[in-house]
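# Chains, contacts and geometry: an overview
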Amino acid sequence: MVNYRTKIKKINMSEISIAIHGGAGTLVKGTMTSEKELAYKSALKLALDAGYSILEKGASSIQAVEAAVKVLEDSHLFNAGKGSVFTAEGTHEMDASIMDGDTLNAGAVSLVSGIKNPISLAKDVMEKSEHVFLAGEGALIFAKENGYEQTPPNYFFDEFRHQQWLEIKDTDSFQLDHATKKDSKFGTVGAVACDKNGNVAAATSTGGMTNKKWGRVGDSPMIGAGNYANNETCAISCTGSGEFFIRGVVAYDVSCLMEHKNYALEKAEDEVINKGILKIKGDGGLMAVDAKGIISMPFNTEGMYRACKSSKGREEVLIYK
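Computed from a prediction, not measured in an experiment: that's the story for all the values here.

## With respect to the side chain of Ser 84
Tracing the sequence through the fold places Ser 84 in the loop between helix 3 (61-73) and strand 2 (94-100). Only 2.8 Å separates the side chain of Ser 84 from the backbone oxygen of Gly 81, close enough to count as a polar contact. With sequence-adjacent residues up to four places away left out, Ser 84 is seen in contact with Phe 78, Asn 79, His 92, Met 94, Phe 156, Arg 161 and Gly 207.

In structure tokens:
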């Protein structure tokens, strides 16, 4: 007897798709210079093409989302990797997670510093350890054992991020990526993809929040909160107010509605982003793709850095509502 998952794979042999995000927030058209807007769109396009080219070659969705997120981590424009925000101590603490919708295997790291591409370290946790989630010093020991070099702090220095931190340094305030405050940059990054075999995957990476204390961890590295993938439903990568996305178990909530209420992808994500998360005062958005290659990019903020491409001919690079 052919199971459901096998049917999905046979139906979608030629349908590939990928969607990426660079953060959601108060992005109002006209408040950004044309040069800056072009820079963001160019960076998104570069990441999109990196992931899609891998899918075109027949490689897996896991490889595609890792490649796309690495490009975004290598850009100073986004709050992940190179562009990570400063903690209260003037350091950088990065989080990332990745999940394979075919096997339900996952890997995550949190509170890591000096790692150029945390998403690759998360993938190594998934593939080279018996664990799902490693944090802090232990994650760095694992990184060293797997050949990662410590990248010097100056690699992660960005003048805008530094000024952003200096404004609230030595106070009890912290700055969310998407908060309404001057010309704030946004940036938690992520990608979801569906490969030619109908396998989906999700990856998310972030530098957290400016001036964070006490080893604060948001939703990005938490499987089920900020990241989730299951071939039977969808792949999800979230961005927004992390504490609320954790409480709402947002990524899994979308999948759960599809699995247990038989919701279509767009109905499920609308229920979660435009109803459920708003009830608890949370804001943000997510990237989603199902095993048929259908893409959805909902958000309840003014805008979200986002892009998508599919073999059905859809290709978009967008910022505003």
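## Here's the deal with the pattern of salt bridges
Taken as a whole, this structure holds twelve salt bridges when the rule is applied. The shortest N-O distance in the salt bridge between Glu 315 and Lys 45 comes to 3.7 Å. Residue Glu 315 is located in strand 12 (residues 315-320), and its partner Lys 45 is located in helix 2 (residues 34-56); the two are separated by 270 residues in the primary sequence. Glu 316 is the partner of Arg 314 in a salt bridge, and the nearest nitrogen-oxygen pair spans 3.1 Å.

## Remarks on the pairing of strand 9 (residues 284-290)
Judged by how many residues are buried, strand 9 sits mostly within the fold: seven of seven residues are covered. Side-chain alternation along strand 9 places Gly 284, Leu 286, Ala 288 and Asp 290 on one buried face and Gly 285, Met 287 and Val 289 on a second face that is also buried. Pairing between strand 9 and strand 10 (residues 295-296): two bridges, direction antiparallel. Bridging across to strand 10, Ala 288 finds its partner in Ser 296. Here strand 9 folds back onto strand 10, and the loop between the two strands holds four residues, one of which, Gly 293, carries a positive phi near 90 degrees.

## Considering the sheet that holds strand 7 (residues 227-229)
Strand order in the open sheet formed by four strands is 7-8-9-10, with antiparallel pairing between adjacent strands. Two strands close off the open sheet at either side, each with one partner strand: strand 7 and strand 10. For strand 7 and strand 8 (residues 234-240), the ladder comprises three bridges, and the chain directions are antiparallel. When the bridges of strand 8 are listed, Ala 229 appears paired with Ala 235. Against the sheet, helix 9 (residues 265-279) contacts strand 8, strand 9 and strand 10, and its axis sits at roughly 160 degrees relative to strand 9.

## Focus on the environment of Gly 284
Along the chain, Gly 284 falls in strand 9. Counting along the chain gives 15 residues from Gly 284 to Phe 299, while the straight-line C-alpha distance between them is 5.6 Å. Residue contacts for Gly 284: discarding those within four places in its chain leaves Ala 24, Thr 239, Gly 240, Phe 245, Ile 273, Phe 299, Asn 300 and Thr 301.

## A closer look at the packing of aromatic side chains
Counted according to the given criterion, the structure contains five aromatic pairs. Arranged with centres 5.3 Å apart and planes meeting at 85 degrees, the rings of Tyr 228 and Tyr 252 form a pair that is edge-to-face. Linking Tyr 228 in strand 7 with Tyr 252 in helix 8 (residues 250-260), this pair joins segments that are 24 residues apart in sequence. The class for Tyr 228 is buried, based on a relative accessible area of 11%. The cationic tip of Lys 82 hangs over the ring face of Tyr 155; the distance from NZ or CZ to the ring centre is 4.2 Å. Cation over ring: Lys 267 sits above Tyr 263, and NZ or CZ is 4.3 Å from the ring centre.

## Structural notes on the sheet that holds strand 12
Pairing within the open sheet is mixed, and its eight strands lie in the order 4-3-2-6-5-1-11-12. Single-partner strands in this sheet number two, and they are strand 4 (133-135) and strand 12. Going from strand to strand, the sheet's axes swing by 5 degrees on average, the running direction of each strand aside. Of the strand pairs in this sheet, strand 11 (residues 303-310) and strand 12 are connected by five bridges, and their pairing is antiparallel. If you follow Cys 308 over to strand 12, its bridge partner there is Glu 316. Across the sheet, helix 3 is in contact with strand 1 (17-25), strand 2, strand 5 (189-194) and strand 6 (200-206); its angle to strand 5 comes to roughly 155 degrees. Here helix 4 (residues 118-128) sits on the sheet and contacts strand 2, strand 3 (106-112), strand 4 and strand 6; the angle it forms with strand 3, its principal contact strand, is near 130 degrees.

Here is what the cut-offs are and how they apply
Residues numbered from 1 in each chain as written. Predicted model: local features only at pLDDT ≥ 70, side-chain atom pairs only at ≥ 80, totals over all residues. Heavy atoms only, no water. Helix = DSSP H or I, 4+ residues; strand = E, 2+ residues; numbered from the N terminus. Polar contact = N/O pair within 3.5 Å; in protein donor to acceptor, adjacent residues only side chain to side chain. Contact = heavy atoms within 4.5 Å. Salt bridge = Lys/Arg side-chain N within 4 Å of Asp/Glu carboxyl O. Buried < 20%, exposed > 50% of the residue type's maximum accessible area, 1.4 Å probe, protein only. Pairing = 2+ DSSP bridges. Axes fitted to C-alpha atoms, helices over the stretch in contact; angles between N-to-C directions. Phe/Tyr/Trp six-rings, centres within 6.5 Å; stacked < 30°, edge-to-face > 60°. Lys NZ or Arg CZ within 6 Å of the ring centre and 35° of its normal.

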